[in-house]
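# A structural walkthrough
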Amino acid sequence: MTAKLTVAVLFGGRSSEHSISCATARGVLQAIDSNVYHVIPIGITRDGAFTLASANPDDYVLTAGQLPEVDDNGTRIHWPESVSSRELWVSGDGVDRSLGSVDIVFPILHGPFGEDGTIQGMLELCGLPYVGSGVLASSLGMDKHFTKLVLQAAGIAVAPWRTVNRFDWGKRPQAIRAMAEQMTLPVFIKPARAGSSVGVSKVSRWDNFAAAMDVAFAEDDHVLIEGGVVGREVECAVLQGRPGEPTRASVAGEIVITGREFYDFEAKYLDAPGIELVCPAPLTVDELAELQRLSIRAFEAIDGAGLARVDFFLTETGFVLNEINTMPGFTTISMFPRCWQESGLNYSALIDELIQVALAHRGS
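Residues numbered from 1 in each chain as written. Predicted model: local features only at pLDDT ≥ 70, side-chain atom pairs only at ≥ 80, totals over all residues. Heavy atoms only, no water.

## Thoughts on the UniProt feature "active site" (unreviewed entry) in the chain
The UniProt record marks Glu17, Ser196 and Ser334 with the feature "active site" (unreviewed entry), using the residue numbering of this structure. Relative to the assigned elements, Glu17 resides in the loop between β1 (5–12) and α1 (18–31). Glu17 sits in the buried class, given a relative accessible area of 2%. (UniProt positions renumbered as here; feature names shortened; annotations may be inferred. Helix = DSSP H or I, 4+ residues; strand = E, 2+ residues; numbered from the N terminus. Buried < 20%, exposed > 50% of the residue type's maximum accessible area, 1.4 Å probe, protein only.)

## Comments concerning the environment of His18
With respect to the helices, strands and loops of the structure, His18 is situated in helix α1. Its relative accessible area of 0% is what places His18 among the buried residues. Those residues in contact with His18, other than ones at most four positions away along the chain, are Gly12, Gly13, Ile44, Thr45, Arg46, Pro68, Glu69 and Val70. Within the structure, the side chain of His18 is placed 3.0 Å from the backbone nitrogen of Val70, a separation counted as a polar contact. (Contact = heavy atoms within 4.5 Å. Polar contact = N/O pair within 3.5 Å; in protein donor to acceptor, adjacent residues only side chain to side chain.)

## Here's the deal with the sheet that holds strand β7 (residues 104–107)
Hydrogen bonding along the main chain pairs the strands of a sheet, whether they run parallel or antiparallel. On the basis of which strands lie adjacent, the open sheet formed by four strands has the order β3-β2-β1-β7 and mixed pairing. The open sheet terminates on both sides in strands that have one partner only, identified here as β3 (50–52) and β7. Adjacent strand axes in the sheet meet at a mean angle of 30° when their direction is disregarded. Summarising the sheet, β1 and strand β2 (residues 37–44) pair through eight bridges and their orientation is parallel. If you follow Thr6 over to β2, its bridge partner there is His38. In this fold helix α11 (residues 347–362) packs onto β1, β2 and β7, with an angle of close to 130° to the strand it touches most, β7. (Pairing = 2+ DSSP bridges. Axes fitted to C-alpha atoms, helices over the stretch in contact; angles between N-to-C directions.)

## Quick word on the pattern of salt bridges
Evaluated as defined, the whole model comprises 15 salt bridges. Here Asp220 ties to Arg193 by a salt bridge, and the two come within 2.8 Å at their closest N and O atoms. Of this pair, Asp220 sits in the loop between α7 (209–217) and β11 (222–227) while Arg193 sits in the loop between β9 (187–191) and β10 (201–203), and the two are 27 residues apart along the sequence. Overall, Arg193 belongs to the partly exposed group, its relative accessible area being 28%. A salt bridge links Glu353 to Arg248; the shortest N-O distance between them is 2.7 Å. Residue Glu353 is found in helix α11, and its partner Arg248 is found in strand β13 (residues 248–257); the two are separated by 105 residues along the sequence. For Arg248, a relative accessible area of 30% gives the class partly exposed. What you see here is one network of salt bridges that share partners, running through Lys148, Lys190, Glu226 and Glu323. (Salt bridge = Lys/Arg side-chain N within 4 Å of Asp/Glu carboxyl O.)

## As for the nonpolar core
Considering soluble globular proteins, one finds that nonpolar side chains tend to be buried as a cluster. Residues Phe11, Phe106, Phe330, Ile351 and Ile355 are the most contacted members of the largest nonpolar core, which totals 39 residues. Of all the elements in the fold, those that place two or more residues in this core are β1, α1, β2, β7, β12 (232–239), β13, α10 (335–342) and α11. For this core, the leading source of residues is α11, giving seven residues. Here this core spans two domains, and each of domain 1 (5–130) and domain 2 (140–158 + 230–361) adds at least three residues to it. What Ile355 contacts, discounting residues up to four positions off in sequence, is Val7, Ile32, Tyr37, Ile104, Phe106 and Val131. Formed by 29 residues, the second largest nonpolar core is a distinct cluster that contains Ala192, Leu291, Ile302 and Phe319. (Core = buried A, V, L, I, M, F, W, Y, C linked by side-chain atoms within 4.5 Å. Domains from an automatic or database assignment.)

## Description of α7
If you check which residues of α7 are buried, you get Phe209, Ala212, Met213, Ala216 and Phe217. Each buried residue of α7 sits inside an arc of 135° when the element is viewed along its axis, so together they form one side. (Arc of directions from axis to C-beta.)

## Here's the deal with α10
Since there are 3.6 residues in each turn of an α-helix, residues three or four apart along the chain are aligned in direction. Here α10 has its buried residues at Met335, Phe336, Pro337, Cys339 and Trp340. Residues of α10 that are buried sit in contact with β12, β13, β14 (275–278), β15 (307–315) and α11. Backbone geometry just after α10 places Gly344 at a positive phi near 105°.

## What about the UniProt feature "binding site: Mg(2+) 2" (unreviewed entry) in the chain?
According to UniProt, the positions carrying the feature "binding site: Mg(2+) 2" (unreviewed entry) are Glu323 and Asn325. Tracing the chain through its elements places Glu323 in strand β16 (residues 318–325). Taking the relative accessible area as the measure of exposure, Glu323 reaches 18% and is therefore buried. Discounting chain neighbours no more than four positions away, the residues touching Glu323 are Lys144, Lys190, Arg309, Val310 and Asp311. Only 3.1 Å separates the side chain of Glu323 from the side chain of Lys190, close enough to count as a polar contact. Here Asn325 shows up in strand β16. Take Asn325: its relative accessible area is 13%, and that puts it in the buried class. Ignoring sequence-local partners within four residues, the contact set of Asn325 consists of Leu307, Ala308, Arg309 and Asp311.

Structure representation (structure tokens):
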């Protein structure tokens, strides 16, 4: 019998998306094939402590009245002391014990201190292979301002924007508002480095502009003011191929807004009404082919690895890229796994594919 591969599933973290990461961990812990993989669940508390966490998926249920989080149970994970070893240790109650050698790390972290290249850099320093994009692509994908610059240079249309830092906002708010008013309402105010629609506001009246800026600055010290784009919201999921194989793109998903301002946190994760997710999205053959081509182009432009979800507006003149997510929402109801399910790859098989692709590129 072939020995199981050991996967360290890393979740939680210091960002405001801590609970979303825990909910993703629930899906992965439920679906990963226990006949093939031995899982070490490593939870990062909101204070940044690495703990040996519960492997029970029921401990990470996300509902409107329950936001799961990693409890500090007193244990501490110790990473390898050099790249000559992949052995993890855990200490607790005055006892140290080995958790064995890790074959790969699956960092299902969202937001700063996890999705932005920081954890990826730590794993590189430890010499541990991991799922997903590397330091550069993770950092680029997390920062909406620099993502847009790179994608523009790659010839991909992006939504118009202006970026403002906290210092300038504090010194000259009226001038910044006047600059923003050159855009057509509505505009969207977004933290430059946050996800899951945390800190995002849709501004339909300029009287609400300052409050929206303050909400976004609570998440980051750089904020984007984006001009609204009229078009259908469509998304495409991307998977890296094994060495020598091409990158793949899924069928499209579409977000149809029926009774909300936009696709916000509550709609994404708490099943709030007013949003309909359609997958596969009704696109023509040519539209789907162009969406897939642009998604792969964007993924490769930022030097992506593993996975990504690429979000577009389909306008009268073509596709406009909104965002690229290097660690997209990965709960069982999220658009990324749903797009792959509709493309013939179920949730459990998707997890396996991500691990195997990462091992093929980084496993040696």
